[in-house]
Amino acid sequence: VQSPLIITSPHPPRNKMKFSTFACLVLASVASVDAFAPSTPRAFVGAPVTSADVVKSARSTTELNMGLRSFFSRSKTTSSSQGITKDITEDQVRSLFYLWNSALATGDSKIVAKRYSKDPILLPTVSDTPRTDFASIKDYFDAFLQKKPQGQIVEGQITIGDGWAMDAGIYDFTMGIDGSKVRARYSYVYKFEGGEWKIAHHHSSVMPEGISIGTPITENEVRNLFYLWNDALATEDAATVASRYSKEAVLLPTVSDVPRTSNALITDYFKAFCQKKPQGTILESNVIIGTNWAQDAGIYEFTMGADGSKVKARYTFIYVFEDGQWKISHHHSSMMPEGTLPQAITKEEVRAQFGRWNDALATLDSKKVADRYSKNAVLLPTVSDTPRTDYALIKDYFDAFLLKKPQGVILEGDIIIGHNWAQDAGIYEFTMGATGDKVKARYSYVYVYEDGDWKISHHHSSVMPEAFLGPAKPAEEKEAVSA
């Protein structure tokens, strides 16, 4: 910085010389302080401080250090050849933050890491890992600098010791990448090392009042939250059930394609579901506990009081602590997939199901034959007018039929395979072991995959109609008769 005072006389008067020298020193001092040091009140300053123009525009470590040395040498008398001593003022301590902040502005993690001492400790705001050497500090700033951060001290307190200084308080960062702002607490401990002031310790932490303090809960208590919900179901009041869900809950129900994302939609779902009078029990569960949230996922089973039917399903509950209570934030219920995914079967395997049924006939045990039918099977027998629609009626039919000791063989048939079902329809013939008689009939079997096995869901057997209606007339004869 050059003084604007121009001395024209080679031998100026003594008093003018004194004024000129004094003026030069004052102007140089003011200029250097304005250029490199923020003007900051001493402790816990409410107004933000700004960094110096020269420091702001620095593009390298050398330029930054030159600016700092200029500030130290011009604002304080020193005998050091470099202009920096371990004696330091509060303004100079504060300027060390802006030297670091200007290093951030370069976007170069090496320049930032060089602001730290030989044996530093950095406890960053957004990393759990203590950074204790140049490489790990650089690694942290490799990521942080992508946000283009620039900081400003909001308030801080400075303490100065012998060869060390501390600046602690609150700072704000503006992220140039998206304009977002972040406030945090900071502690810098600087030490005089190798003729320079470096950061020996830097601790940055989020504002604690914004951190959720975890409400304690055990795994058993998490599981018991299901039974609070189950008790609400027992009231058969949809509004009571919906009250167990949080303000912004999501329900993905078992038997509805519509996501329920509001209290009204959740209530609407349970108006229908509660008519079945469901009561549930957890068969297996896995619990995870976080800070003011918990997850319970597994398998549950419902018994429908309206008809006694049972339904097994998979579930996920995510609970959150809201307004002093644990509420359901997310509830996903889905059918057991092995009952919905297609079970592979070939035409040969479909035909083999008839052989299994025929083998059951050979045992002459009506229970074993009836066991080949599904839970809700329908049998329309060859020689009975009564539809057989449950286990007892099916068994009753075979109590009589097995007295003839029947054994069958398929003469012709056609097979269709669907999603967990298959059909085999055609003509079969039975030989009655009791009399040697043969009986031919038409058949339809519909098989379903149930409880891990293929069972007969529908069995329709009928006599050959031409045996009692007479042979079918040729097409030409039919046309003549109709004419």
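Scoring rules and cut-offs
Residues numbered from 1 in each chain as written. Predicted model: local features only at pLDDT ≥ 70, side-chain atom pairs only at ≥ 80, totals over all residues. Heavy atoms only, no water. Salt bridge = Lys/Arg side-chain N within 4 Å of Asp/Glu carboxyl O. Helix = DSSP H or I, 4+ residues; strand = E, 2+ residues; numbered from the N terminus. Expected span 1.5 Å × (residues − 1). Buried < 20%, exposed > 50% of the residue type's maximum accessible area, 1.4 Å probe, protein only. Pairing = 2+ DSSP bridges. Arc of directions from axis to C-beta. Contact = heavy atoms within 4.5 Å. Core = buried A, V, L, I, M, F, W, Y, C linked by side-chain atoms within 4.5 Å. Axes fitted to C-alpha atoms, helices over the stretch in contact; angles between N-to-C directions. Phe/Tyr/Trp six-rings, centres within 6.5 Å; stacked < 30°, edge-to-face > 60°.

A. Quick look at the pattern of salt bridges. Summed over the entire model, instances satisfying the criterion amount to 15 salt bridges. Residue Asp 139 pairs with Arg 131 through a salt bridge whose shortest N-O separation is 2.8 Å. Within the structure, one salt-bridge network assembled from shared partners comprises Arg 356, Arg 372 and Asp 453.

B. Molecular detail of helix H4 (residues 90-105). Compared with the 22 Å implied by 1.5 Å per residue over 16 residues, the 23 Å span of H4 between its first and last C-alpha is a close match. The buried count for H4 comes to 13 of 16 residues, which makes it a mostly enclosed element. Within two residues after H4, Gly 107 carries a phi angle of roughly 75°, on the positive side.

C. Expanded view of unusual backbone geometry. One non-glycine residue, Leu 364, lies in the positive phi region at around 60°. Mapping Leu 364 onto the fold places it in the loop between helix H10 (347-362) and helix H11 (366-370). For Leu 364, a relative accessible area of 43% gives the class partly exposed. Of note, the phi angle at Lys 405 is positive, near 50°, even though the residue is not glycine. By the element assignment, Lys 405 lies in the loop between helix H12 (391-401) and strand S12 (406-417). According to the relative accessible area criterion, Lys 405 is partly exposed, its value standing at 47%.

D. Quick peek at the pairing of strand S7 (residues 278-289). With 11 bridges connecting them, S7 and strand S8 (residues 293-304) associate as antiparallel partners. Paired with Gly 280 across the two strands is Phe 302, which belongs to S8. Taken together, S7 and the strand that follows it, S8, pair antiparallel across an intervening segment of 3 residues, in which Asn 292 is found at a positive phi of about 65°.

E. Expanded view of helix H6 (residues 134-144). Those residues of H6 lying buried are Ser 136, Ile 137, Tyr 140, Phe 141 and Phe 144. Angular distribution of buried residues about the axis of H6 spans 135°; they occupy a single face of the element.

F. Region of the structure containing the environment of Thr 386. Relative to the helices and strands, Thr 386 resides in the loop between strand S11 (373-380) and H12. Between the C-alpha atoms of Thr 386 and Tyr 397, which are 11 residues apart in sequence, the distance is 9.3 Å. Dropping the residues within four chain positions of it, Thr 386 is found in contact with Leu 379 and Pro 381.

G. Region of interest: the nonpolar core. If you look at the biggest cluster of nonpolar residues, it comprises 31 residues, and the most contacted ones within it are Trp 100 and Phe 141. Listing elements by their share of this core, those giving two or more residues are H4, helix H5 (109-113), strand S1 (116-123), H6, strand S2 (149-160), strand S3 (164-175), strand S4 (181-193) and strand S5 (196-206). When residues in this core are grouped by element, the largest group, 7 residues, is from H4. Every residue in contact with Trp 100, bar those within four places of it in the chain, is listed here: Val 112, Arg 115, Tyr 116, Phe 141, Phe 173, Tyr 188, Ile 199 and His 202.

H. Region of interest: the sheet that holds strand S15 (residues 453-463). Read across the open sheet, the 5 strands follow the order S11-S15-S14-S13-S12; overall the sheet is mixed. This sheet does not close on itself; its edge strands, each paired only once, are S11 and S12. Sheet twist, expressed as the mean angle between neighbouring strand axes with direction ignored, is 20°. Where strand S13 (residues 421-432) lies against strand S14 (residues 438-450), 11 bridges are found, and the strand directions are antiparallel. Paired with Ala 425 across the strands is Ser 444, a residue of S14. In the packing of H10 onto the sheet, contacts are made with S11, S12, S13, S14 and S15, and the angle to S12 comes to roughly 155°.

I. Geometry of the packing of aromatic side chains. Per the counting criterion, the structure on display carries 53 aromatic pairs. Seen in terms of ring centroids, Tyr 140 and Phe 144 are 5.8 Å apart; in terms of plane orientation they differ by 20°. Their pairing is stacked. In this pair, Tyr 140 and Phe 144 both sit in helix H6, 4 residues apart, roughly one turn of the helix. As far as burial versus exposure is concerned, Tyr 140 and Phe 144 are alike and both buried. For the ring pair Tyr 171 and Phe 173, a centre distance of 4.7 Å and an interplane angle of 70° mean the geometry is edge-to-face. Members of the aromatic cluster, each reached through a chain of ring pairs, are Phe 97, Tyr 98, Trp 100, Tyr 116, Tyr 140, Phe 141, Phe 144, Tyr 171, Phe 173, Tyr 186, Tyr 188 and Tyr 190.

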